[in-house]
Every structure is written in structure tokens, then in C-alpha cells.
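Structural overview
Residue-level listing of the chains:
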Amino acid sequence: MGGVLEGVRVLDFGRYIAGPYCATLLAEFGAEVIRVEKRVATADVVVANLPPQTLRAMKLDYESLKAIKPDIILTTATAFGGPGPWSDRVGFDGVGQVMSGAVYMTGAGDPPYRAAVNWVDFGTALHCAFGTLAALIERGKSGRGQIVEGALLATALSFTNATLIEQAVIGVNRVPTGNLGQTAAPADIYRTRDGWVLCQVTGHPLFKRWARLMGEEEVWLNDPRFADDISRGNNGRIISERMARWCAERTTQEAVDALGQAMIPTGPVLSPQQALDHPHIRAAGFMQDVDYPGLPKHAPVARAAVRLSETPGEIVSRPPTLGEHTDLVLAELGYDAAAIAALRQGGII
């Protein structure tokens, strides 16, 4: 069975993470992704996360592409978006993190910490893939192409929006508190006898289950300091101290098993190797071993993190090496063997 995007051809000029991962997601759901043959007129979508001035210089701006194929969809992502005084500036994932308030609120505050995972880049790729699908649906109805534009800063602001809304509306002026939650409790990372475990309790039903697990319902459920999430967040250190003592008496496995059985959100703090080895991660099939030339062993590649029951995405093959599929792509575009040989002889490919 072909994927839901079978028949859609994507020209991938993406670089770093946001553009290439957007194209990867489209490929996993059946699109034919070509990387990169400039100005192939049969493309449905062009993915190019490049600054506007670079797109114009490479003739990959929307007007240039539209002159070649009127219904083309251009999917692009920039650092800062526009319009605005920083529209032409460049930036990476970390720029979005620091300008959204996320880094300010991470860690203990001195110094602030950015996340080691490039969540802004990958989030922008998801937004761009979603926008591309919406644009393809619209083109199917109206015949019109359009520009799909993502921005690292826009992604970061959308992910931190709840914090920004709270600040704008009530001016709470929150400061970083490490792993301690601020709007509910217990919400922290706790040391166990052999590691660390996260516990997050939000909402009164969960808090009641937690108090029952502690065997202290009368202590926690009748105190006005812990009457609702905000009150519990304001008094979170008191609740966390009790949870810390509970966790310290148990191994990580004992803690997550007891919390899990009580239907309280929890998870162990895993190293990268422990994540790869975790029985649930392995059983759920979130990763797929993919061979690649030059690697000493298979690489565990994450499948698209959304499943469709009837038209699921899949990793059909490993990424090609540079130029590996050039002859195949050109042949599909109508070039015969002699023409391809002439292009290679001339240094064009």
C-alpha cells in the first residue's frame, strides 16, 4: 500500500534540522523526496529553510518557482519570521529557546540553561509539515499553490505560550525553580536509591491518589494550603519534601511501579543507552534499525511519532549517500543514459 502522500513529489533544499526533517516526515507518509536537483519543474513542493535573500539569489523564491510551475508550494522556515527588523537575520534552535522565555525559566537561574535537545528545530519541522499538508489539501480543491512559512522564533513562542499568557494577564514574574513545578505539586525529579524518577501530579483527582499512596489522606486533603493546583504549586516545596523521602526509600523500579499502579504520571530518568534498552520503548516499536554505509552497526532511527491506522508512515529505506540516486532520478525525469553520461562528463552532476 502506498502512503497517503503517494504521487506527491518534494524537492528538498533543506539544511540543518527544520527543513530536512520536514521533508523526512513527508517521505515517511509516501511522498517522493528528491534532494536536490535545482528547478525540477515537475515538483509539487519545494522545501528550503533558507533566508529570503538566499532564496532570491538561488532563484528559489516563490515568484521564481511560480514562473516555472504556477501551482508550486514553497515550504520555507527562517529564524525570526517576518515582517520585522530581524527578518533577514540568521539563527539556530538556541535563538528561539532564549528569546521565548524558555531558557530563562530553565535551571536554577544562574546560569540559565538551554535544552540539550533541539526542540525548536524539530517543532518547526512539524509545523512546516503540517502546513504543507494543509497547502496540498487546498491545492486539491482550488488548484492554487502558496507559501508555507515557519519560523524558529514562532515555534518557540507557541510552545511557551501558556507562560507568556500568564505573565501578560497577571504579571506573575516567575523565576526559575530547577525541576520543581510551580503550578502544581508534587512535580519534581526525585532521587531514588539507585537513580532518579520524575513525578507530576496535576489536578485534584491525581493529588487524592498521591495522598492515598502516601497513606496520609487526612494530612494532605484537609489542609487549605493544598486545596488546588495553584495553592499546591505555591507550597510545592513542602509537598516535594514528602515525596523526596518516599522516593529515597525505594529503587527507581520500585518507585515507578508503585506510582504507575496508582495511575500517577511518572517515569525514570534514563541515559541515552537506557532509553534505547527500555522494554517499553523497544516493544512499542518507536525506533527502527536502519543500515547506512560506513556505520559499524545499524542506527536506531525514530519513526514518525504519529500513527495512522489505514495509511501509516514508514521508513522504507535508508537515506541515500550523496549522488547515489542521481541516475535514477534523472531517468525518471526523461534523461537517457547518454544524456546522463554527458551531464556527468561536463561536471554538472
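Residues numbered from 1 in each chain as written. Predicted model: local features only at pLDDT ≥ 70, side-chain atom pairs only at ≥ 80, totals over all residues. Heavy atoms only, no water.

Here the focus is the overall build of the protein. The number of helices and strands found in the protein is 16 helices and 10 strands. In terms of its C-alpha atoms, the protein occupies a principal-axis envelope of roughly 85 × 45 × 40 Å. Within the protein, the proportion of its 349 residues that are buried is 37%. Partitioning the intrachain contacts of the protein with sequence separation of at least 6 by distance along the chain shows that 63% fall at a separation of at least 24. Total accessible area on the protein stands at roughly 19,800 Å², and carbon and sulfur atoms take up 57% of it. Computed over 32 positive and 37 negative side-chain charges, the separation of the two mean positions in the protein equals 3 Å. (Helix = DSSP H or I, 4+ residues; strand = E, 2+ residues; numbered from the N terminus. Buried < 20%, exposed > 50% of the residue type's maximum accessible area, 1.4 Å probe, protein only. Contact = heavy atoms within 4.5 Å. Areas by Shrake-Rupley, 256 points an atom, 1.4 Å probe, with all protein chains shown as cover. Lys, Arg positive; Asp, Glu negative; His and termini not counted. Charge placed at Lys NZ, Arg CZ, Asp CG, Glu CD.)

An α-helical segment advances 3.6 residues per turn. Residues three or four places apart therefore align on the same side. Counting buried positions along helix α1 (residues 18-28) yields eight of 11 residues, so the element is predominantly enclosed. Taken residue by residue, α1 has A18, G19, P20, C22, A23, L25, L26 and E28 as its buried positions. Where α1 is buried, its residues touch β1 (9-12), β2 (32-34), β3 (45-47), β4 (73-78), α5 (119-142) and β10 (299-302). Among the residues trailing α1, G30 stands out with phi positive, at a value near 110°.

Our focus in this paragraph is the sheet that holds β3. Taken together, five strands build an open sheet; the order of strands is β2-β1-β3-β4-β5 and the sheet is parallel. Every interior strand has two partners, whereas the edge strands, β2 and β5 (146-151), have only one. Here the average twist between neighbouring strands, direction ignored, is 20°. Direction of pairing for β1 relative to β3: parallel, over a ladder of three bridges. Residue pairing across strands places L11 opposite V46, the latter belonging to β3. The strands touched by α1 are β1, β2, β3 and β4; relative to β1, the strand with the most contacts, the crossing angle is about 160°. Sitting on the sheet, α5 is in contact with β3, β4 and β5, with an inclination near 165° to β5. (Pairing = 2+ DSSP bridges. Axes fitted to C-alpha atoms, helices over the stretch in contact; angles between N-to-C directions.)

It is worth spelling out the layout of surface pockets at this point. Taken as a whole, the largest pocket holds about 1,600 Å³ of empty space. Looking at the largest pocket, it is lined by 46 residues, and the ones nearest its centre are A27, V33, R318, P319 and P320. Only α1, β2, β10 and α15 (326-332) provide two or more residues apiece to the lining of the largest pocket. Per-element tally for the lining of the largest pocket: the top contributor is α1, with six residues. Tallied by class, the residues present in the lining of the largest pocket amount to 25 nonpolar, 10 polar and 11 charged. For the second largest pocket, the calculated volume is near 640 Å³. Along the wall of the second largest pocket there are 24 residues; nearest its centre are M105, L180, G181, Q182 and T183. (1 Å grid on protein atoms, 1.4 Å probe; cavity = no way out; pocket = protein on both sides within 12 Å on 5 of 7 lines; lining within 4 Å. Points joined across faces, edges and corners; volume = space filled by probe spheres on them. Nonpolar A, V, L, I, M, F, W, Y, C, P; charged D, E, K, R; others polar.)

Right, let's talk about the packing of helix α8 (residues 204-214) against helix α11 (residues 236-248) for a bit. Interaxial distance between α8 and α11 falls to 11 Å at its minimum, and their mutual angle equals 45°. Classed by the angle they form, the pair α8 and α11 counts as oblique. Where α8 crosses over α11, the handedness of that crossing is left-handed. For the pair α8 and α11, contact is made by F207, W210, L213 and M214 and by I239, R242, M243 and W246, respectively. By residue class, the composition of the contact of α8 with α11 is seven nonpolar, no polar and one charged. (Parallel < 35°, antiparallel > 145°, perpendicular 65-115°, else oblique. Left-handed = near helix turned anticlockwise from the far one by under 90°.)

Summed over all chains, the structure comprises seven aromatic pairs. For the ring pair W119 and F159, a centre distance of 5.8 Å and an interplane angle of 15° mean the geometry is stacked. Within this pair, whereas W119 is found in helix α5, its partner F159 is found in helix α6 (residues 152-159), the two being separated by 40 residues in sequence. A cation over a ring is seen here: R232 above F207, with NZ or CZ 4.3 Å from the ring centre. (Phe/Tyr/Trp six-rings, centres within 6.5 Å; stacked < 30°, edge-to-face > 60°. Lys NZ or Arg CZ within 6 Å of the ring centre and 35° of its normal.)

Before going further, it helps to spend a moment on the nonpolar core. The biggest cluster of nonpolar side chains holds 20 residues, and the ones touching the most others in it are W210 and M243. Of all the secondary structure elements, the ones that give two or more residues to this core are β7 (196-200), α8, α11 and α12 (252-261). Ranked by the residues each element gives to this core, the list is headed by α8, at five residues. V10, L25, V45 and I73 belong to the second-largest nonpolar core, a separate cluster that totals 19 residues. (Core = buried A, V, L, I, M, F, W, Y, C linked by side-chain atoms within 4.5 Å.)

For the rest of this paragraph, the subject is the sheet that holds β7. Note: strands within a sheet are paired through backbone hydrogen bonds, in either parallel or antiparallel orientation. An order of β6-β7-β8 is seen for the three strands of this open sheet, with the pairing classed as antiparallel. Each edge of the open sheet carries a strand with a single partner, namely β6 (187-191) and β8 (266-268). Sheet twist, expressed as the mean angle between neighbouring strand axes with direction ignored, is 20°. Two strands pair when backbone bridges link them, and β6 and β7 are joined in this way by five bridges, in the antiparallel orientation. Directly across from R191, in β7, lies its bridge partner W196. Contacts from α12 reach β7 and β8 within the one sheet, and its direction differs from that of β8 by about 160°.

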